[in-house]
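# Remarks on the overall topology
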Amino acid sequence: MFNLILFGPPGSGKGTQSEKLIDRYGLKHLSTGDLLRSEIARQSALGLEAKKVMDKGQLVPDEVVIGMISSALDQNPDVNGFLFDGFPRTSAQAEALDKLLEHRQAPISVMIALDVSEEELVKRLMKRGETSGRSDDTNEQVIRSRITEYHNKTAAVADHYQKFDKVKMIAGEGSIEEIFACICIEIDLRKLQQT
Ligand code: AMP
(Lines give C-alpha, C1' and ligand atoms only; values in the text may rest on other atoms or scores of the structure.)
Protein backbone atom coordinates (compact mmCIF):
# COMPACT_ATOMS: atom_id res chain seq x y z
CA MET A 1 0.00 0.00 0.00
CA PHE A 2 1.29 3.46 -0.86
CA ASN A 3 0.03 6.33 1.32
CA LEU A 4 0.91 9.85 0.26
CA ILE A 5 0.35 13.20 1.94
CA LEU A 6 0.25 16.13 -0.46
CA PHE A 7 1.20 19.07 1.68
CA GLY A 8 1.42 22.82 1.24
CA PRO A 9 -0.38 26.09 1.96
CA PRO A 10 -3.79 26.92 0.48
CA GLY A 11 -3.34 27.71 -3.20
CA SER A 12 -0.14 25.69 -3.59
CA GLY A 13 -1.75 23.40 -6.18
CA LYS A 14 -2.65 20.38 -4.03
CA GLY A 15 -6.07 19.93 -5.66
CA THR A 16 -4.73 20.17 -9.22
CA GLN A 17 -1.83 17.79 -8.59
CA SER A 18 -4.06 15.38 -6.64
CA GLU A 19 -6.31 14.85 -9.65
CA LYS A 20 -3.34 13.94 -11.82
CA LEU A 21 -1.77 11.72 -9.15
CA ILE A 22 -4.90 9.67 -8.46
CA ASP A 23 -5.18 9.04 -12.20
CA ARG A 24 -1.60 7.88 -12.51
CA TYR A 25 -1.27 5.85 -9.32
CA GLY A 26 -4.85 4.70 -8.67
CA LEU A 27 -4.90 6.14 -5.16
CA LYS A 28 -8.06 7.02 -3.24
CA HIS A 29 -8.24 10.81 -2.89
CA LEU A 30 -9.16 12.02 0.60
CA SER A 31 -9.52 15.80 0.84
CA THR A 32 -10.87 17.05 4.16
CA GLY A 33 -11.75 20.38 2.49
CA ASP A 34 -13.90 18.51 -0.10
CA LEU A 35 -15.47 16.33 2.60
CA LEU A 36 -16.35 19.45 4.63
CA ARG A 37 -17.76 21.25 1.56
CA SER A 38 -19.99 18.27 0.81
CA GLU A 39 -21.29 18.41 4.42
CA ILE A 40 -22.02 22.12 3.86
CA ALA A 41 -23.79 21.38 0.57
CA ARG A 42 -26.13 18.92 2.25
CA GLN A 43 -26.61 21.33 5.16
CA SER A 44 -25.79 18.76 7.84
CA ALA A 45 -25.30 19.99 11.44
CA LEU A 46 -21.57 19.30 11.07
CA GLY A 47 -21.47 21.25 7.79
CA LEU A 48 -23.26 24.27 9.22
CA GLU A 49 -20.88 24.42 12.21
CA ALA A 50 -17.83 23.91 9.99
CA LYS A 51 -18.89 26.66 7.58
CA LYS A 52 -18.72 29.31 10.31
CA VAL A 53 -15.08 28.41 11.00
CA MET A 54 -14.12 27.98 7.34
CA ASP A 55 -15.58 31.37 6.43
CA LYS A 56 -13.17 32.98 8.89
CA GLY A 57 -10.20 31.14 7.38
CA GLN A 58 -9.63 29.13 10.55
CA LEU A 59 -9.26 25.39 11.08
CA VAL A 60 -12.21 23.23 12.10
CA PRO A 61 -11.62 21.22 15.31
CA ASP A 62 -9.24 18.27 15.11
CA GLU A 63 -11.81 15.74 16.35
CA VAL A 64 -14.18 16.64 13.48
CA VAL A 65 -11.67 16.05 10.68
CA ILE A 66 -10.06 13.05 12.38
CA GLY A 67 -13.54 11.46 12.65
CA MET A 68 -14.18 12.09 8.96
CA ILE A 69 -10.85 10.56 7.93
CA SER A 70 -11.34 7.57 10.22
CA SER A 71 -14.70 6.75 8.59
CA ALA A 72 -13.28 7.30 5.10
CA LEU A 73 -10.50 4.79 5.86
CA ASP A 74 -13.08 2.27 7.10
CA GLN A 75 -15.20 2.76 3.99
CA ASN A 76 -12.25 1.99 1.67
CA PRO A 77 -10.64 -1.23 2.90
CA ASP A 78 -9.40 -2.47 -0.48
CA VAL A 79 -7.56 0.44 -2.10
CA ASN A 80 -3.96 0.62 -3.42
CA GLY A 81 -3.32 3.52 -1.12
CA PHE A 82 -4.60 6.93 -0.08
CA LEU A 83 -3.70 10.43 -1.17
CA PHE A 84 -4.30 12.75 1.78
CA ASP A 85 -4.94 16.32 0.60
CA GLY A 86 -5.34 19.08 3.19
CA PHE A 87 -4.92 16.58 6.02
CA PRO A 88 -3.17 16.36 8.47
CA ARG A 89 -3.05 20.09 9.24
CA THR A 90 -2.02 20.00 12.91
CA SER A 91 0.38 17.88 14.94
CA ALA A 92 -2.60 16.25 16.71
CA GLN A 93 -4.07 15.26 13.33
CA ALA A 94 -0.70 13.83 12.22
CA GLU A 95 -0.43 11.73 15.37
CA ALA A 96 -4.03 10.51 14.99
CA LEU A 97 -3.43 9.61 11.34
CA ASP A 98 -0.29 7.64 12.20
CA LYS A 99 -2.29 5.62 14.76
CA LEU A 100 -5.13 4.95 12.33
CA LEU A 101 -2.66 3.75 9.69
CA GLU A 102 -0.69 1.71 12.21
CA HIS A 103 -3.82 -0.38 12.80
CA ARG A 104 -3.86 -1.08 9.06
CA GLN A 105 -0.08 -1.70 8.95
CA ALA A 106 0.18 0.84 6.14
CA PRO A 107 2.13 3.88 7.31
CA ILE A 108 2.64 7.12 5.37
CA SER A 109 5.10 6.40 2.56
CA VAL A 110 6.00 10.02 1.77
CA MET A 111 4.90 13.59 2.30
CA ILE A 112 5.31 15.79 -0.77
CA ALA A 113 5.42 19.45 0.33
CA LEU A 114 4.72 22.11 -2.31
CA ASP A 115 6.59 25.36 -1.76
CA VAL A 116 4.99 28.59 -3.09
CA SER A 117 5.58 32.23 -2.06
CA GLU A 118 2.84 34.05 -0.12
CA GLU A 119 2.24 36.70 -2.81
CA GLU A 120 1.81 34.00 -5.46
CA LEU A 121 -0.64 32.13 -3.17
CA VAL A 122 -2.81 35.23 -2.64
CA LYS A 123 -2.79 35.93 -6.38
CA ARG A 124 -3.81 32.35 -7.24
CA LEU A 125 -6.54 32.18 -4.59
CA MET A 126 -8.10 35.52 -5.59
CA LYS A 127 -8.13 34.29 -9.19
CA ARG A 128 -9.62 30.93 -8.17
CA GLY A 129 -12.30 32.86 -6.24
CA GLU A 130 -13.61 34.30 -9.53
CA THR A 131 -14.83 30.83 -10.56
CA SER A 132 -14.58 28.35 -7.64
CA GLY A 133 -17.79 29.39 -5.88
CA ARG A 134 -15.82 29.10 -2.63
CA SER A 135 -16.64 31.93 -0.23
CA ASP A 136 -13.24 31.54 1.47
CA ASP A 137 -11.46 32.35 -1.84
CA THR A 138 -13.01 35.76 -2.46
CA ASN A 139 -11.87 37.86 0.48
CA GLU A 140 -8.17 38.76 0.75
CA GLN A 141 -8.40 39.01 4.55
CA VAL A 142 -9.77 35.44 4.79
CA ILE A 143 -7.12 34.20 2.36
CA ARG A 144 -4.35 35.73 4.48
CA SER A 145 -5.89 34.20 7.65
CA ARG A 146 -5.78 30.77 6.00
CA ILE A 147 -2.11 31.28 5.16
CA THR A 148 -1.43 32.43 8.75
CA GLU A 149 -3.21 29.32 10.11
CA TYR A 150 -0.95 27.28 7.84
CA HIS A 151 2.20 28.88 9.29
CA ASN A 152 0.96 28.75 12.90
CA LYS A 153 -0.40 25.22 13.03
CA THR A 154 0.21 23.30 9.84
CA ALA A 155 3.89 23.86 9.08
CA ALA A 156 4.70 21.79 12.22
CA VAL A 157 3.23 18.73 10.51
CA ALA A 158 6.21 18.70 8.13
CA ASP A 159 8.57 18.64 11.15
CA HIS A 160 6.68 15.59 12.43
CA TYR A 161 7.27 13.59 9.22
CA GLN A 162 10.78 15.01 8.78
CA LYS A 163 11.75 13.04 11.90
CA PHE A 164 11.04 9.86 9.92
CA ASP A 165 12.78 11.18 6.78
CA LYS A 166 9.49 11.17 4.88
CA VAL A 167 9.35 14.75 3.59
CA LYS A 168 10.27 15.85 0.09
CA MET A 169 9.99 19.58 -0.65
CA ILE A 170 9.12 20.43 -4.26
CA ALA A 171 8.99 23.89 -5.85
CA GLY A 172 5.30 24.59 -6.51
CA GLU A 173 5.86 27.42 -9.01
CA GLY A 174 6.25 26.49 -12.66
CA SER A 175 4.01 24.66 -15.09
CA ILE A 176 1.53 22.07 -13.79
CA GLU A 177 3.26 19.40 -15.89
CA GLU A 178 6.76 20.27 -14.62
CA ILE A 179 5.62 20.12 -11.00
CA PHE A 180 3.74 16.87 -11.66
CA ALA A 181 6.87 15.33 -13.20
CA CYS A 182 8.96 16.25 -10.13
CA ILE A 183 6.34 14.72 -7.82
CA CYS A 184 6.21 11.51 -9.88
CA ILE A 185 9.99 11.10 -9.76
CA GLU A 186 9.87 11.23 -5.97
CA ILE A 187 6.92 8.83 -5.72
CA ASP A 188 8.53 6.32 -8.08
CA LEU A 189 11.72 6.45 -6.03
CA ARG A 190 9.88 5.87 -2.76
CA LYS A 191 7.84 3.06 -4.31
CA LEU A 192 11.06 1.34 -5.38
CA GLN A 193 12.46 1.70 -1.87
CA GLN A 194 9.26 0.24 -0.44
CA THR A 195 9.43 -2.95 -2.55
P1 AMP B 1 -8.99 23.29 1.76
O2 AMP B 1 -10.00 22.94 0.74
O3 AMP B 1 -8.04 22.16 2.10
O4 AMP B 1 -8.26 24.58 1.46
O5 AMP B 1 -9.79 23.57 3.12
C6 AMP B 1 -10.75 24.61 3.23
C7 AMP B 1 -11.03 24.88 4.69
O8 AMP B 1 -11.57 23.69 5.30
C9 AMP B 1 -9.84 25.23 5.54
O10 AMP B 1 -9.52 26.62 5.48
C11 AMP B 1 -10.30 24.81 6.93
O12 AMP B 1 -11.21 25.76 7.47
C13 AMP B 1 -11.10 23.55 6.63
N14 AMP B 1 -10.24 22.35 6.69
C15 AMP B 1 -9.90 21.53 5.64
N16 AMP B 1 -9.10 20.52 6.05
C17 AMP B 1 -8.91 20.72 7.38
C18 AMP B 1 -8.15 20.04 8.36
N19 AMP B 1 -7.41 18.95 8.07
N20 AMP B 1 -8.18 20.53 9.63
C21 AMP B 1 -8.92 21.60 9.95
N22 AMP B 1 -9.64 22.32 9.07
C23 AMP B 1 -9.64 21.88 7.78
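In what follows, the accompanying structure is described. Values in this document were obtained by computation on a predicted structure and should not be read as measured data.

### Comments concerning the overall build of the protein chain
On a plain count of helices and strands, the protein chain comes out with eight helices and five strands. Order of helices (α) and strands (β) in the protein chain, N terminus to C terminus: β-α-β-α-α-α-β-α-β-α-α-β-α. Taken over the C-alpha trace, the protein chain has a radius of gyration of 16 Å; the compact-globule value for 195 residues is 16 Å, and the two agree within 12%. Principal-axis analysis of the C-alpha atoms gives the protein chain an extent of 45 × 40 × 30 Å. Of all 195 residues assigned to the protein chain, the portion counted as buried reaches 47%. Put simply, 75% of the contacts in the protein chain that link residues at least 6 apart link residues at least 24 apart.

### Some thoughts on the packing of helix α1 (residues 14–25) against helix α8 (residues 176–194)
Between α1 and α8, the shortest axis-to-axis distance is 11 Å and the interhelical angle comes to 45°. Overall, the two elements α1 and α8 adopt an arrangement that is oblique. Between α1 and α8 the crossing geometry is right-handed. For the pair α1 and α8, the contacting residues are Thr16, Gln17, Lys20, Leu21, Arg24 and Tyr25 in the first and Ile176, Glu177, Ile179, Phe180, Ile183, Cys184, Ile187, Asp188 and Lys191 in the second.

### Side note on the pattern of salt bridges
In the structure shown here, the tally under the stated rule is 18 salt bridges. Residues Asp137 and Arg134 are paired through a salt bridge, measuring 3.8 Å at the closest nitrogen-oxygen approach. Assessed through its relative accessible area of 0%, Asp137 is described here as buried. A salt bridge links Arg190 to Glu186; the nearest nitrogen and oxygen atoms lie 2.9 Å apart. Placement of both Arg190 and Glu186 in helix α8 is noted, with a separation of four residues, approximately one turn of the helix. Accessibility expressed as a relative area gives 15% for Arg190, which makes it buried. Judged by its relative accessible area of 8%, Glu186 falls in the buried class. The network of salt bridges with common partners includes Arg128, Arg134, Asp136, Asp137 and Arg146.

### Overview of the site of the ligand
Taken together, 16 residues sit near the ligand, with Thr32, Arg37, Gln58, Gly86 and Arg89 positioned nearest. The backbone of Gln58 places a nitrogen or oxygen atom 2.5 Å from an oxygen atom of the ligand. The separation between an oxygen atom of the ligand and a polar side-chain atom of Arg134 is 3.3 Å. With the chains in place, 96% of the 480 Å² that the ligand exposes on its own is no longer accessible. With four residues, helix α2 (residues 32–41) is the largest single contributor of residues to the shell around the ligand. Counted by class, the shell around the ligand contains six nonpolar, five polar and five charged residues.

### Thoughts on the environment of Lys123
Positionally, Lys123 belongs in helix α6 (residues 118–129). Relative accessible area serves as the criterion here: at 57%, Lys123 is assigned to the exposed category. Sequence separation between Lys123 and Gly11 is 112 residues; the distance between their C-alpha atoms is 8.8 Å.

What counts, and where the lines are drawn
- Residues numbered from 1 in each chain as written.
- Predicted model: local features only at pLDDT ≥ 70, side-chain atom pairs only at ≥ 80, totals over all residues.
- Heavy atoms only, no water.
- Helix = DSSP H or I, 4+ residues; strand = E, 2+ residues; numbered from the N terminus.
- Rg over C-alpha atoms; globule rule 2.2 N^0.38 Å.
- Buried < 20%, exposed > 50% of the residue type's maximum accessible area, 1.4 Å probe, protein only.
- Contact = heavy atoms within 4.5 Å.
- Axes fitted to C-alpha atoms, helices over the stretch in contact; angles between N-to-C directions.
- Parallel < 35°, antiparallel > 145°, perpendicular 65-115°, else oblique.
- Left-handed = near helix turned anticlockwise from the far one by under 90°.
- Salt bridge = Lys/Arg side-chain N within 4 Å of Asp/Glu carboxyl O.
- Near = heavy atom within 4 Å.
- Polar contact = N/O pair within 3.5 Å; in protein donor to acceptor, adjacent residues only side chain to side chain.
- Areas by Shrake-Rupley, 256 points an atom, 1.4 Å probe, with all protein chains shown as cover.
- Nonpolar A, V, L, I, M, F, W, Y, C, P; charged D, E, K, R; others polar.

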